[in-house]
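Geometric and topological summary
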Amino acid sequence: MPRPILATVHPDALRHNLQRARDAAPDAKVWAVVKANAYGHGIERCFDALRAADGFALLDLAEAERLRALDWRGPIHLLEGVFEPRDLELCSRLHLWHTVHCTEQIDWLAAHKTQVPHRVFLKLNSGMNRLGFKSAAFRSAWARLNALPQVEEISLITHFSDADGARGIAHQVAAFEEATADLQGERSLCNSAALLRFAGQALGGSQNLAADWVREGIALYGGAPDHPEKRAADWGLQPAMTLSSRIIGLQSLQAGDTVGYGSTFTADAEMRVGVVACGYADGYPRHAPTGTPVMVEGMRTRLIGRVSMDMLMVDLTDLPACGMGSEVVLWGRSSSGAVLPIDEVAYAAGTISYELMCAVAARVPFSA
Ligand SMILES: *Cc1c(COP(=O)(O)O)cnc(C)c1O
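Per chain, residue numbering runs from 1 following the sequence as it is written. Totals for whole chains, interfaces and linings use all residues, but because this is a predicted model, local features are given only for residues with pLDDT of at least 70 and pairs of side-chain atoms are given and counted only at 80 or more. The basis for every side-chain value is the complete set of non-hydrogen atoms in the structure, without hydrogens or water.

1. Brief notes about the site of the ligand
Close contacts around the ligand come from Val33, Lys35, Tyr39, Leu79, Lys123, His159, Asn191, Ser192, Arg215, Gly217, Ile218 and Tyr354, and that covers them all. Here serine 192 contributes a side-chain N or O atom positioned 2.5 Å from an oxygen atom of the ligand. Identification of polar contacts relies on pairs of N or O atoms within 3.5 Å, with a donor-acceptor requirement for protein atoms, meaning one able to donate a hydrogen and the other able to accept it, and with residues adjacent in sequence counted only if both atoms are side-chain atoms. One of the backbone nitrogen or oxygen atoms of glycine 217 is found 3.0 Å away from an oxygen atom of the ligand. Only the protein chains shown count as covering a residue, and every accessible area follows the Shrake-Rupley method with a 1.4 Å probe. Isolated, the ligand exposes 390 Å² of accessible area, and the fraction of that covered by the protein chains is 93%. When residues are grouped by polarity, Ala, Val, Leu, Ile, Met, Phe, Trp, Tyr, Cys and Pro land in nonpolar, Asp, Glu, Lys and Arg in charged, and all others, Gly among them, in polar. Taken together, the residues of the shell around the ligand sort by class into 5 nonpolar, 4 polar and 3 charged. Proximity is defined per residue: if any heavy atom of the residue lies within 4 Å of a molecule or strand, that residue is considered near it.

Quick look at the structure:
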């Protein structure tokens, strides 16, 4: 028998979550963001469930090639644009739309020989200060692109730094409206958090914030972008990934006994401990502390002691029916249907669901 750890992708949940985006922004087109191998789920495993999206957004050219190899003929958007001039040849050949966020990318386009004019998304740095042209440079970048025979259509894009948090997006929306006021072209502003929280808000003219294209990542996979303020279930989202394993060993403790490396956990009474075939070499966060939720046979319990490379320990004291071979869900859905939200595990470990999904290790087999 192989080691019992397993990651399972739930296509029904992906479909459901995509529909939630449609409900939140009925007039917008939806990019399914599938960067980082579909947030660790696997592009090929998700493709069928997500092909109802209007397009796919990612940033790795090899992943764009994989989507075309799946015979996806619709839009693919490179969110960071090209990394060097010759990438433009692939954009021409595979009809990739691409973000333009800096003058170098315009220079490369101007020098690019192509029969196929490109669709580009000119990126405004509306305050995040990661990628994009500042407001003062935005118009001249637009004018330069507009004069290029290599460019067929210019759309307008920006990205929010605080759509999930207290600062919010108003200052960036204002910057976007001002910088783009009289420019033609489709608009794209919202990530998952902005889509769920603000999609209906007004954006100049007759548009709302969802505008022409929303870029949905984490919510597709069932993560709440604003946990712990809202839970995934509050947004009607279902987990698209389950990480499961089994109990492979048991220990009985007396008061004063310790558990695991560093003896970071000490029993204060008799306890029953289960050993789970899952460790940080599987992508489970090593810094998850005692108390991090774990589900055994669909019932919640807690991790105890330090996570080791291949194993972690859980408290089975109050779960007497659980023992060798019991199903353990690290996050996702148990076979009984009970859900342990990945957001809760991430939160306990001081990180976000995105990081856990993306970190599932190559040695973990996937089903579905
Ligand atoms: C990753 C990414 C998204 C998706 O963000 P989520 O929070 O996962 O919805 C949207 N836009 C850009 C530019 C991104 O890089």
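2. Points about the pattern of salt bridges
Salt bridge, as used here: a side-chain nitrogen of Lys or Arg that lies within 4 Å of a carboxyl oxygen of Asp or Glu. According to the stated counting rule, one finds 19 salt bridges in the structure shown. With a closest N to O distance of 2.7 Å, glutamate 186 and arginine 119 form a salt bridge. Linking glutamate 186 in the loop between helix 8 (170-180) and strand 8 (187-188) with arginine 119 in strand 6 (residues 118-124), this pair joins segments that are 67 residues apart in sequence. Classification of arginine 119 as buried rests on a relative accessible area of 8%. Salt bridges here are not isolated pairs; linked through shared partners, they connect Arg3, Asp282, Asp310 and Arg363. Helix numbers and strand numbers start at the N terminus; a helix is a DSSP run of H or I with at least 4 residues, a strand a run of E with at least 2. Any residue under 20% of the maximum accessible area for its type is buried, any over 50% is exposed, and the rest in between are partly exposed; the area is computed with a 1.4 Å probe on protein chains only.

3. With respect to the nonpolar core
Definition used in this section: a nonpolar core is a set of buried Ala, Val, Leu, Ile, Met, Phe, Trp, Tyr and Cys residues joined via side-chain atoms within 4.5 Å. Counting 110 residues, the largest nonpolar core has Val34, Leu145, Tyr221, Tyr284 and Trp331 as its most contacted members. Per element, the largest residue contribution to this core is 5 residues, and it comes from helix 3 (residues 43-50). In this entry, domain limits derive from an automatic or database-based domain assignment. A domain split of this core shows at least three residues from each of domain 1 (11-224) and domain 2 (241-367). Should any heavy atoms of two residues lie within 4.5 Å, those residues are counted as being in contact. In contact with tryptophan 331, other than residues within four places in its own chain, are Met241, Thr242, Leu243, Tyr284, Leu340, Ile342, Val345, Leu356 and Val360. If you look at the next biggest cluster of nonpolar residues, it comprises 9 residues, including Phe265, Met271, Val275 and Ile304.

4. Section: the environment of aspartate 234
With respect to the helices, strands and loops of the structure, aspartate 234 is situated in the loop between strand 11 (213-216) and strand 12 (241-253). On a C-alpha basis, the gap between aspartate 234 and alanine 224 in space is 8.6 Å, while along the polypeptide they are 10 residues apart.

5. Some details on the domain arrangement of the chain
Domain boundaries assigned for the chain yield domain 1 (11-224) and domain 2 (241-367). One C-alpha centre belongs to domain 1, the other to domain 2, and the line joining them spans 37 Å. Between domain 1 and domain 2, the contact holds 11 residues from the first and 9 residues from the second. Take the accessible area each of two parts loses on contact, using a 1.4 Å probe, and add the two losses: that sum is the buried area. Summed over both partners, the interface of domain 1 with domain 2 buries about 860 Å², with 64% contributed by carbon and sulfur atoms.

6. Remarks on unusual backbone geometry
Here the bond from histidine 227 into proline 228 is cis, since omega is 5°, no more than 30 degrees from zero. In this model, alanine 36 sits at a positive phi of 50°, which is unusual for a non-glycine residue. Inspection of the secondary structure puts alanine 36 in helix 2 (residues 35-39). Positive phi, close to 60°, is recorded for asparagine 129, a residue that is not glycine. Considering the arrangement of structural elements, one finds asparagine 129 in the loop between strand 6 and helix 7 (135-146).

7. Structural notes on the side chain of glutamine 172
Tracing the chain through its elements places glutamine 172 in helix 8. Residue class for glutamine 172 comes out buried when judged on its relative accessible area of 0%. Excluding residues within four positions of it along the chain, glutamine 172 makes contact with Ser126, Gly127, Met128, His159, Phe160, Ser161 and Asp162.

8. A look at helix 5 (residues 87-94)
Counted residue by residue, helix 5 has 6 buried out of 8 residues, so it is predominantly covered. When helix 5 is considered as a whole, its buried residues turn out to be Asp87, Leu88, Leu90, Cys91, Ser92 and Leu94. Downstream of helix 5 by one or two residues, histidine 95 has phi in the positive range, about 55°.

9. Points about the environment of histidine 227
Looking at where histidine 227 falls in the secondary structure, it is placed in the loop between strand 11 and strand 12. Distance in space between the C-alpha atoms of histidine 227 and serine 353 is 9.1 Å, their sequence separation being 126 residues. Discounting residues that sit within four places of it in the chain, histidine 227 has contacts with Asp343, Glu344 and Tyr347.

10. Some details on helix 6 (residues 103-111)
Listing the buried residues of helix 6 in full gives Gln105, Ile106 and Leu109. Down the axis of helix 6, the buried side of the element spans an arc of 100°, and every buried residue falls inside it. Tucked inside the fold, the buried residues of helix 6 contact helix 5, strand 5 (97-100), strand 6, helix 7 and strand 7 (151-158). This arc corresponds to the set of directions leading from the helix axis out to the C-beta atoms.

11. So, the packing of helix 1 (residues 11-24) against helix 3
Axes here mean lines fitted to C-alpha atoms, for a helix over just the part in contact, with angles spanning 0 to 180 degrees between N-to-C directions. The contact between helix 1 and helix 3 brings their axes to 8 Å, and the two run at 50°. Taken together, the axis directions place helix 1 and helix 3 in an arrangement best described as oblique. The handedness of the crossing between helix 1 and helix 3 is right-handed. In this structure, helix 1 contributes Pro11, Leu14, Arg15 and Leu18 to the contact, and helix 3 contributes Cys46, Asp48, Ala49 and Leu50. Here the contact of helix 1 with helix 3 is built from residues that sort into 6 nonpolar, no polar and 2 charged. For classification purposes, an angle smaller than 35 degrees is called roughly parallel, one larger than 145 roughly antiparallel, one from 65 to 115 roughly perpendicular, and anything else oblique. Left-handed describes a crossing in which the near helix is turned anticlockwise from the far one by less than a right angle; the clockwise case is right-handed.

12. Description of the pairing of strand 2 (residues 29-33)
Burial runs high along strand 2: 4 of the 5 residues are buried. In this analysis, strands are considered paired if DSSP registers two or more bridges between them. Summarising the sheet, strand 2 and strand 11 pair through 4 bridges and their orientation is parallel. Across the sheet, residue alanine 32 finds its bridge partner in strand 11, namely glutamate 216. Bridging between strand 2 and strand 3 (residues 55-58) involves 3 bridges; their strand directions are parallel. In the sheet register, alanine 32 faces strand 3, and the bridge partner there is phenylalanine 56.

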